[in-house]
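# Descriptive structure summary
Letter by letter, the chains look like this.
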Amino acid sequence: MTNDIEALLDNIYNSFTPMPLPAGDPQYVECREVRGDVEIQQDLGKSIRRSKELTCQLYSGYRGAGKTTELYRLQTYLEEKNCFVVYFAADEEDISVQDVQYTDILLACTRHLLAQLQHADSTPIANWLRDRREELKDFFLQDVKLEKLTIEAQLNQFAKLTAAIRTEPSQRQKIREKVEPHTETLLKALNQFIADAQQKLPDGKTQLVIIADNLDRIVPIFRESGRSNHEEIFLDRHEQLKALDCHIVYTVPISMIYSKWATDLKDNYGIPKVLPSVMVQWQDGSVYEPGIAKLKETIKRRIEPYTDLDLETEIFAAPDVLEQLCRMSGGYMRDLIQLAQEATNRTEQLPISARAVQRAIAELRDVYQRAVEEDQWQILAQVYKSKEIGNDNLHRGLLFSRCLLEYRYLNQQGDKHTWYDVHPIILDVSKFKDALKQVDDANHA
């Protein structure tokens, strides 16, 4: 019996490994109604399918909110609508999120187009590589003759460049300096390649779509001028980001969406789409039952392949224990999954106790407390009182770190309402309580 319990706990623990779900996965829970009617197939997919012009769209949300899972669903939807989709997660093999420039993204797009469109004539890209022989000779594979580059050989060359950009800081800037003066000619070569590929798409496909994921993870870096690397990439280089002759979806940091550049992003890309957190409470702090129910269903879907034990009384010690875990996640999916995994890890016998859940919450609270800088506690307290955010780098930084969460709902008239709150895991931190008292005292002075 003991071995059976240990095996079950092992399975439950591993079911909460944070990772994106493939399209059609039975663990997926539809959360549209508790995310303010946000739905990726409608918000992005239909624009691509219906538009007679090429689209370039931005998709954002918190890291770990479920964007990649939604993008997998978008990919499947588009493929069912006769699109050929080139999806890639840029931070896995191509970029370092700690230091990114536009040239890194262009080289990543080039590599993945070559990898997934090997039926097309890549002569224009081979010619571009040959023309860059002298500039890039130190980075090319020395045993490859540039005079006779197959598409596989070209792919290897770009893979070598992107690998160096991602993993070798000493080489990163050197490659950029060599490629930067020739990005326009690379774009021209890519579009010639894409034009040929469009004529040869397999299986009745009629449109080409690129989905560049995980660019939302690019860490903000502010220059002496006050501009950030986010602005340099998504604003200063918007014409180049849009220049590929196919439909494109880029993920973008959420802090960029909530900046003074919001209207510029709209004008350049259309209205960016944001995946908010699952709403777990109303603005007055009372429980939002539909949101909590969705989070409970998310947990149940993860464990039901392994057991038919009742979720609220046999897996967890009581309904309020499970509800506490859900509320403390803030409706942020990665925290929900990690809290459940940590609580399971602190359990020797089912059900998972209130103490195990509290220990998991305390561990996560420590992480968030370390993420808040001293000058940010007052900001958090002010947002907690107002449920609004300011248009400045302090608020944007707190959005990027998930200390502030965005929620949406539709009111009875069908109008969308967006509001913000402090991640509930932070509310019991003493520094936050002190800052909140200071705000209250100032308001009553």
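Described below are features of the structure shown in this document. Once a new chain begins, its residue numbering starts again from 1 and follows that chain's sequence as written. It should be noted that, the model being predicted, local features are given only for residues of pLDDT at least 70 and side-chain atom pairs only at 80 or more, the latter also being counted only at that level, while totals for whole chains, interfaces and linings use all residues. To get the side-chain values, take all heavy atoms of the structure and skip hydrogens and water.

This part is about the packing of helix α15 (residues 289–303) against helix α17 (residues 319–328). A fitted line through C-alpha atoms represents every axis, and for helices the fit uses only the stretch in contact; the resulting angles, taken between N-to-C directions, go from 0 to 180 degrees. Helix numbers and strand numbers start at the N terminus; a helix is a DSSP run of H or I with at least 4 residues, a strand a run of E with at least 2. Closest axis-to-axis distance for the α15/α17 pair is 10 Å, and the angle between their directions is 105°. In terms of axis orientation, α15 runs roughly perpendicular to α17. Packed against α15, whose contacting residues are Ile292, Leu295, Lys296 and Ile299, the element α17 presents Leu322, Glu323, Leu325, Cys326 and Arg327 at the interface. Each residue belonging to the contact of α15 with α17 can be placed in one class, and the counts come to 6 nonpolar, no polar and 3 charged. If an angle is under 35 degrees, it is roughly parallel; if it is over 145, roughly antiparallel; if it lies from 65 to 115, roughly perpendicular; otherwise it is oblique. Contacts were defined at the residue level, with two residues in contact if any of their heavy atoms lie within 4.5 Å. Note on residue categories: nonpolar means Ala, Val, Leu, Ile, Met, Phe, Trp, Tyr, Cys or Pro, charged means Asp, Glu, Lys or Arg, and polar means any other residue, Gly included.

A pair of aromatic rings is counted whenever rings of Phe, Tyr or Trp (Trp by its six-membered ring) have centres within 6.5 Å, and the orientation is called stacked for planes under 30 degrees apart, edge-to-face for over 60 and tilted otherwise. Applying the stated criterion across every chain yields a total of 8 aromatic pairs. Aromatic side chains Trp128 and Phe158 sit 6.1 Å apart centroid to centroid with 20° between the ring planes, which places their arrangement in the stacked category. Here Trp128 is found in helix α6 (residues 123–131), whereas its partner Phe158 is found in helix α8 (residues 151–167), with 30 residues between them in sequence. To sit over a ring, a charge needs its Lys NZ or Arg CZ within 6 Å of the ring centre and within 35 degrees of the ring normal. Over the face of the ring belonging to Tyr384 we find Lys387, whose NZ or CZ atom lies 4.3 Å from the ring centre.

Another aspect to go through is the packing of helix α5 (residues 102–116) against helix α10 (residues 183–199). With their axes 11 Å apart at the nearest point, α5 and α10 run at an angle of 25° to one another. What the angle tells us is that α5 and α10 run roughly parallel. By crossing handedness, the relation of α5 to α10 is classed as left-handed. Every residue of α10 that contacts α5 at Tyr102, Thr103, Leu106, Leu107, Thr110, Leu113 and Leu114 is listed here: Thr183, Leu186, Leu187, Leu190, Phe193 and Ile194. Within the contact of α5 with α10, the residues separate by chemical class into 10 nonpolar, 3 polar and no charged. When the near helix sits turned anticlockwise from the far one by under a right angle, the crossing is termed left-handed; a clockwise turn instead gives a right-handed crossing.

What follows is about helix α9 (residues 169–179). Every buried residue of α9 is accounted for by Arg172, Ile175, Arg176 and Val179. Buried residues of α9 fall within an arc of 100° about the axis and therefore sit on the same side. Facing away from the buried side of α9 by more than 90 degrees, the exposed set consists of Ser170 and Glu177. Buried residues along α9 sit in contact with α5, α6, α7 (133–136), α8 and α10. Between buried and exposed lies partly exposed: a residue is buried under 20% and exposed over 50% of the maximum accessible area for its type, with that area taken using a 1.4 Å probe on protein chains only. Here the arc refers to the set of directions running from the helix axis out to each C-beta atom.

With that settled, consider the sheet that holds strand β3 (residues 207–213). DSSP calls a pair of strands paired once it identifies at least 2 bridges connecting them. Read from one edge to the other, the open sheet built from 5 strands follows the order β2-β3-β4-β1-β5, with strand pairing classed as parallel. With one partner strand each, in any of the chains shown, β2 (83–89) and β5 (273–275) form the two edges of the open sheet. When the angles between neighbouring strand axes are averaged without regard to direction, this sheet yields 20°. Across the sheet, helix α3 (residues 67–80) touches β1 (56–61), β2, β3, β4 (247–251) and β5, and the angle it forms with β2 is around 160°. Against the sheet, α5 engages β2, β3 and β4, with an angle of about 130° to β2.

As a further point, take the pattern of salt bridges. Here, a salt bridge means any side-chain nitrogen of Lys or Arg that lies within 4 Å of a carboxyl oxygen of Asp or Glu. In the structure shown here, the tally under the stated rule is 29 salt bridges. Put simply, Glu30, Glu39, Glu70 and Arg73 are held in one network by salt bridges that share partners.

Looking now at the nonpolar core. Side-chain atoms within 4.5 Å are what join buried Ala, Val, Leu, Ile, Met, Phe, Trp, Tyr and Cys residues into a set we call a nonpolar core. In terms of nonpolar packing, the biggest core is built from 144 residues, with Phe316, Leu380 and Ile426 touching the most fellow members. For Ile426, the contacting residues outside a window of four places in its chain are Tyr368, Trp377, Leu380, Cys403 and Phe432.

Now for the layout of surface pockets. Of the voids in this model, the largest pocket is the one considered here, and its volume is about 530 Å³. A cavity here means a set of 1 Å grid points, computed over protein atoms only, where a 1.4 Å probe fits but cannot escape. A pocket is an open set with protein on both sides within 12 Å along at least 5 of 7 lines, and lining residues have an atom within 4 Å of a point. Lining the largest pocket we find 29 residues, and of these Met19, Pro20, Gly64, Gly66 and Thr69 sit closest to its centre. Mapped by element, the contributors of at least two residues to the lining of the largest pocket are α3, β2, α15 and α18 (333–345). Per element, the largest residue contribution to the lining of the largest pocket is 5 residues, and it comes from α3. Considering only residue class, the lining of the largest pocket consists of 13 nonpolar, 7 polar and 9 charged. Grid points are joined across faces, edges and corners, and a volume is the space filled by probe spheres set on the points.

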